[in-house]
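A structural walkthrough
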Amino acid sequence: DVAPYIWKTSDYGRTWTKIVNGIRADDYIHAVREDPTRRGMLYAAGQHGTYLSYDDGANWQSLRLNMPDVPVADLIVEGNELVIATHGRGFWVLDNIAPLRQATPALLASSAHLFTPPVGVRSGTGVTISWMLKTAPTSAKLEILDSTGTVLRTFEPDTTRPDTTGRAAAAGGGGRRGGGAAFLPKTAGINRINWDLRTKGIASFPGMILWGAGTNGPVVPPGRYTARLTADGKALTTPVIVTRNPRIPDVSDADMRAQYAFSKRVRDRANEANESVIGIRRVKAQLADRYKKSPDATLKATGETLKTNVSAVEEDLYQVRNQSGQDPLNFPIKVNNRLANLMSMAERGDGPPTNNMPEIFGILTTELKGYTEQLAKVYKTDLVAVNKELVRLKLAPLDPQCEKVEGCPAIP
């Protein structure tokens, strides 16, 4: 007899009701588990797959998804995951069941919905944020806000791909995307993205080599945050709770707030250094473009002076000779890398910065200020001189802040 049999009692075993509606006639059941967070939500492990019920077993629906037709010996709900043990096909994990737990007929009939994510844990794997869209939007973005309403992180679609999948990606293009980037999917149906609990990262540029550091932003301290999804002008919000790691009891919330505050300061200075490099490279790219449009000797002379002087500052900010990950062994890293490394050290584990870190930060900040002030002087004299010649030649002036628009080529 391979028919399914599940029996339910609501009077402590005095009477029993058979609850197998929706289960295959030849799919006998090995185990039934109840969701610990939603009453009446049941999971069943069958000989041919898994099943889900929202009404205490009165009706079942298949939850096989991409699983093969295989015996499921047992299953268990752990946190925000459904863990499935099969006979002969290993373990399967449905690692984000928040949308399943929150699904209702009214929700599924709506045009858009942002699900409340599970609690995020410091030093964990982050928070999976899910939403449902009836139709694919033309524009979409997901923002993470703190308790004051300040935007800490923004996820947007990858405009270079017609089908966004939410895959992680490195910085590229104009070089302004921060580290730890992930593109926002915007397809119809259920979408999701993982927030690693980090805020905006350090600006990057093509070919940048960092030694002992990355471009990820600081990790937020425990607290209450907000996820805001805006699709075609319609905004949806949901709370996001971040808690401390219970396995690290000797670090206080105040320690983690101190770590976050320090890392933000270092991140901002590292951004300043990298944005300066990006501005310099924009100027040199624009200058090369203007050379192609005019052979004027005076423009060439003033342009070469500008190029020489901004390149000297660039070499103080960033080790331009580094072309691969091993090159810093031969060519010493410069101030932008040392700042990024300092933040990386401060972010290793949960805890406040060590006593020497603020002193190192002060030294690097003073060094950086000297370079940015020198760059400002070059722009005030040499850049102004070049732009004066460009105006004479009726060509567009150079602009360190311009993006990839007409007359402003992408930086190499």
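Look up a bit, the structure's there.
Remember, it's a predicted structure, so these values are computed and weren't measured experimentally. (Residues numbered from 1 in each chain as written. Predicted model: local features only at pLDDT ≥ 70, side-chain atom pairs only at ≥ 80, totals over all residues. Heavy atoms only, no water.)

Observations regarding the environment of Asn216
Tracing the sequence through the fold places Asn216 in the loop between β15 (189-195) and β16 (223-231). Residue class for Asn216 comes out partly exposed when judged on its relative accessible area of 32%. (Helix = DSSP H or I, 4+ residues; strand = E, 2+ residues; numbered from the N terminus. Buried < 20%, exposed > 50% of the residue type's maximum accessible area, 1.4 Å probe, protein only.)

Brief notes about the sheet that holds strand β10 (residues 112-114)
If you walk across this open sheet you meet the 3 strands as β10-β12-β15, and the pairing is antiparallel. The outermost strands of the open sheet, each flanked by one partner alone, are β10 and β15. Neighbour-to-neighbour, the strand axes of the sheet open up by a mean angle of 20°, direction not taken into account. Alignment of β10 against strand β12 (residues 127-133), held across 3 bridges, turns out to be antiparallel. Its bridge partner lying in β12, His113 is registered against Met132. (Pairing = 2+ DSSP bridges. Axes fitted to C-alpha atoms, helices over the stretch in contact; angles between N-to-C directions.)

Considering the sheet that holds strand β17 (residues 234-243)
The strands that make up a sheet pair up through hydrogen bonds in the backbone, lying either parallel or antiparallel. Taking strand neighbours across the sheet as the criterion, the 5 strands line up as β11-β17-β16-β13-β14 in an open arrangement whose pairing is mixed. The sheet terminates laterally at β11 (120-121) and β14 (151-155), the two strands that pair on one side only. Looking at chain direction, strand β13 (residues 140-145) and β14 are connected through 4 bridges and run antiparallel. Across the sheet, Ile144 pairs through a bridge with Arg153, a residue of β14.

Details of the packing of aromatic side chains
Each pair of aromatic rings is reported with the distance of its centres and the angle of its planes. Applying the stated criterion across every chain, the model contains 3 aromatic pairs. Centre to centre, the rings of Phe205 and Tyr318 are 5.1 Å apart; their planes meet at 85°, and the pair counts as edge-to-face. With Phe205 in the loop between β15 and β16 and Tyr318 in the loop between α4 (297-317) and α5 (335-346), the pair connects residues that are 113 residues apart, well separated along the chain. For the pair Phe205 and Tyr318, one class covers both residues: buried. On the numbers, 5.9 Å between centres and 70° between planes, the contact of Phe262 with Phe361 is edge-to-face. One end of the pair, Phe262, is in helix α3 (residues 253-293); the other, Phe361, is in helix α6 (residues 356-392), and 99 residues separate them in sequence. Relative accessible area serves as the criterion here: at 4%, Phe262 is assigned to the buried category. (Phe/Tyr/Trp six-rings, centres within 6.5 Å; stacked < 30°, edge-to-face > 60°.)

Considerations on the pattern of salt bridges
Summed over the entire model, instances satisfying the criterion amount to 23 salt bridges. Here Asp268 makes a salt bridge to Arg267, at a shortest N to O gap of 2.8 Å. Across the pair Lys369 and Glu373 runs a salt bridge whose closest N-O atoms are separated by 4.0 Å. Linking Lys369 with Glu373, this pair stays in helix α6, spanning 4 residues, or about one helical turn. We classify Lys369 as exposed; its relative accessible area is 52%. Since its relative accessible area comes to 42%, Glu373 is described here as partly exposed. Salt bridges sharing common partners tie together Arg24, Asp26 and Asp69. (Salt bridge = Lys/Arg side-chain N within 4 Å of Asp/Glu carboxyl O.)

Notes on the layout of surface pockets
Size it by volume and the second largest pocket reaches roughly 430 Å³. Taken together, 18 residues form the lining of the second largest pocket, with Leu65, Asn96, Pro99, Leu100 and Ile190 sitting closest to its centre. Of all the elements in the fold, those that place two or more residues in the lining of the second largest pocket are β6 (61-62), α1 (98-102), β12 and β15. Each residue belonging to the lining of the second largest pocket can be placed in one class, and the counts come to 12 nonpolar, 4 polar and 2 charged. (1 Å grid on protein atoms, 1.4 Å probe; cavity = no way out; pocket = protein on both sides within 12 Å on 5 of 7 lines; lining within 4 Å. Points joined across faces, edges and corners; volume = space filled by probe spheres on them. Nonpolar A, V, L, I, M, F, W, Y, C, P; charged D, E, K, R; others polar.)

Observations concerning α5
Given a rise of 1.5 Å per residue, 12 residues ought to cover 16 Å, and the 17 Å separating the end C-alpha atoms of α5 matches this to within 8%. Of all 12 residues that make up α5, 9 are buried, and the element is covered over most of its length. Among all positions in α5, only Val335, Asn336, Asn337, Leu339, Ala340, Leu342, Met343, Ser344 and Ala346 are buried. Contacts made by the buried residues of α5 are with α3, α4 and α6. (Expected span 1.5 Å × (residues − 1). Contact = heavy atoms within 4.5 Å.)

Some thoughts on the pairing of strand β7 (residues 72-78)
With 6 bridges connecting them, β7 and strand β8 (residues 81-86) associate as antiparallel partners. Residue Asp74 lies in a different strand from β8, and its bridge partner there is Ala85. Following β7, the chain reverses through 2 residues before pairing antiparallel with β8; Gly79 in that reversal takes a positive phi of roughly 65°.

Regarding the side chain of Glu347
Residue position: Glu347 is located in the loop between α5 and α6. The class for Glu347 is buried, based on a relative accessible area of 11%. In this structure the side chain of Glu347 is engaged in a polar contact, spanning 3.5 Å, whose partner is the side chain of Arg198. One polar contact links the side chain of Glu347 to the main-chain amide nitrogen of Val219, over a distance of 3.0 Å. (Polar contact = N/O pair within 3.5 Å; in protein donor to acceptor, adjacent residues only side chain to side chain.)

Taken by themselves, the reported measurements are silent on function.
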